[in-house]
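Here's the letter readout for the chains.
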Amino acid sequence: MVALLLFHPSGRPVGAGSRLRPAAWLLISLFACHAAVADETPPPAAGTSAADTPAEFAVHGQLTYVEQETHSFRAPYSGRNSLSPDKGAETVDITLFVGARLGRDAELWITPEGDEGFGLDDTLGVAGFPSGEAYKVGANQPYFRLPRAFIRDTLSLGGAEETVGAAPNQMAAVHSADRWVFTLGKFAVTDIFDINRYAHDPRVDFFNWAAVDAGSFDYAADAWGYTVGAAAEWYEGPWAIRAGVFDLSNIPNSIHLDPGAHEFQIDAEAERRYALFGAPGKSLITWFHSRGRMALLDDAVDLAESTGEPIDLAAVRRYRTRDGVSFSSELELTSDFGLFARGGKAGGNVETYEFTDIDRTLALGLSLAGSRWARADDTFGLAGMINGISATRERYLNAGGLGILVGDGQLPHPGVEKILETYYSVGIAPGVHVSLDYQRVTNPGYNRDRGPVPILAV
């Protein structure tokens, strides 16, 4: 059995009305990991090593606790989707990653998960939301679900062999460098697309949504960030090409998917690996095409102005499309120091469907391991993000419209949303980390009348 534990602890109770404290979640996590299915790998045959006998089962586990708080900031008015000064929120999640080998190159994974808590203001108020551990669904008591259940199959095409280490959602294996990879089932689009080694997992690196994914990537998902679909990946030499089709939710930002591809998204991505002045790097371009029942923002505002009624997006939803393109780059300058960049743009005349209210975005950052000061398990990260919206979306928000995350009831003085994030992750023990995170959000929700907002997290 393989077990991995990641823990961001705090001494305060979890969530309003919560019955479980971080220590209790930790004990549950340890018990679940070590009481899970034991490794059923047969002993190696004579003359072979353990590496020659791949594991038939794998179990990994993680527990993450996050407490995040805003401090005082200027807020002359507020709306239904506004961020509040001097407020705090906690989230906790525990996940088991259970894998089984179906054949030499095929794997089955399921990831049962328990969650509790809320994001700041129920995950509202900032387009680049400050916690990737906060879903759009919250609860005061623990609840359980199955975010992933998928099959992955790899078809080798020849070439040099590559060793893949064991990790959550990945069995240890040896594949050819040139290969096909097929994934089918329930998982996150961002498990396959828009991956960046320095900024992609809020459990171990940056928290902000616009850092861990391209903010304009309105990827198919339910309110927890997962969907049902299929993807194919082709690797040859320094290139990788990916494509997939996935279910959208039945209405924007819903907890329910619309099955049968009645509302769907197509994603495509091209990746190129290279060396720049001897430093290994990777760049990718990602395109999405969503087709579903969406509202044109101008139609919603025009209808409200003609009737005198509040804006109602449902009244003007029709079957239409939203497209977007983004890029991601990473560069490993040294073994412990890397740079990353992300950027993207999406259609600004249509309501945002799944992710967040960002029509254009740019993020730049760095990651530095602590080996330079004899703390190899520590990591320091620094990133800056700029998010923007179209003039059409500005008009919609100023008329009192609400986005998925933002909407102060008015927007007389719009401006780009600017975010600075820095974190330091301390390695306490193997697999156990404590991270301190600071973010400063200027013009939250694109509103120059509010903020800047200081946000602290542990």
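The structure displayed is predicted, hence computed values, not measured ones.

A few points about the packing of aromatic side chains
Working step 1: Enumeration over the complete set of coordinates arrives at 13 aromatic pairs.
Working step 2: Pairing Trp 180 with Phe 182 gives two aromatic rings, centres 5.7 Å apart and planes at 5°, and the pair type is stacked.
Working step 3: Aromatic side chains Phe 217 and Phe 288 sit 6.0 Å apart centroid to centroid with 35° between the ring planes, which places their arrangement in the tilted category. Of this pair, Phe 217 sits in the loop between helix 2 (209-212) and strand 8 (227-236) while Phe 288 sits in strand 11 (residues 279-295); the two residues are 71 residues apart in sequence, bridging distant segments of the chain. As far as the burial class goes, Phe 217 and Phe 288 line up, both buried.

Considerations on the nonpolar core
Working step 1: Counting 62 residues, the largest nonpolar core has Val 189, Phe 206, Phe 217, Phe 246 and Met 385 as the members making the most contacts within it.
Working step 2: Ranked by residues supplied to this core, first place goes to helix 2 with 4 residues.
Working step 3: Not counting residues up to four positions away in its chain, the partners in contact with Phe 217 are Val 189, Thr 190, Phe 193, Asp 194, Gln 265, Asp 267, Thr 286, Phe 288 and Phe 355.
Working step 4: Within the second largest apolar cluster, 6 residues are counted, among which are Tyr 135, Tyr 143, Trp 224 and Tyr 226.

Concerning the confidence of the model for the chain
The predicted structure's coordinates, where accompanied by low pLDDT, should not be read in detail.
Working step 1: Averaged over the chain, the pLDDT score is 89; the fraction of residues at 70 or greater is 88%.
Working step 2: Taken together, the stretch residues 1-51 has pLDDT below 50 and engages in 115 contacts with residues farther than four places along the chain or on a different chain.

Considering helix 3 (residues 297-307)
Working step 1: Taken together, the buried positions of helix 3 are occupied by Leu 297, Ala 300, Val 301 and Ala 304. Taken around the axis of helix 3, the buried residues stretch over an arc of 95°, which confines them to a single face.
Working step 2: Contacts from the buried residues of helix 3 go to strand 11 and helix 4 (391-398).
Working step 3: At the C-terminal side of helix 3, Gly 308 shows a positive phi close to 75°.

Concerning the environment of Trp 180
Working step 1: Within the secondary structure, Trp 180 is located in strand 7 (residues 173-187).
Working step 2: Expressed as a C-alpha distance, the spacing of Trp 180 and Glu 236, which sit 56 residues apart in the sequence, is 9.0 Å.
Working step 3: Setting aside its immediate chain neighbours within four residues, Trp 180 contacts Asp 153, Thr 154, Leu 155, Leu 157, Ala 232, Glu 233 and Trp 234.

Let's talk about the pairing of strand 4 (residues 113-117)
Working step 1: Counting buried residues in strand 4 gives 5 out of 5 residues, a clear majority hidden from the surface.
Working step 2: For strand 2 (residues 88-101) and strand 4, the ladder comprises 5 bridges, and the chain directions are antiparallel. Paired with Thr 91 across the strands is Gly 117, a residue of strand 4.
Working step 3: Both strand 4 and strand 5 (residues 139-145) contribute to a ladder of 4 bridges, which runs antiparallel. Its bridge partner lying in strand 5, Glu 113 is registered against Arg 145.

Describing helix 4
Working step 1: Taken together, the buried positions of helix 4 are Thr 392, Arg 393, Tyr 396 and Leu 397. Buried residues along helix 4 cover an arc of 130° about the axis, so they all sit on one side.
Working step 2: Among the structural elements, helix 3 and strand 12 (317-334) are those in contact with the buried residues of helix 4.
Working step 3: Gly 400 lies just past helix 4 and shows a positive phi near 100°.

Parameters and conventions
Residues numbered from 1 in each chain as written. Predicted model: local features only at pLDDT ≥ 70, side-chain atom pairs only at ≥ 80, totals over all residues. Heavy atoms only, no water. Phe/Tyr/Trp six-rings, centres within 6.5 Å; stacked < 30°, edge-to-face > 60°. Helix = DSSP H or I, 4+ residues; strand = E, 2+ residues; numbered from the N terminus. Buried < 20%, exposed > 50% of the residue type's maximum accessible area, 1.4 Å probe, protein only. Core = buried A, V, L, I, M, F, W, Y, C linked by side-chain atoms within 4.5 Å. Contact = heavy atoms within 4.5 Å. pLDDT = per-residue confidence, 0-100. Arc of directions from axis to C-beta. Pairing = 2+ DSSP bridges.

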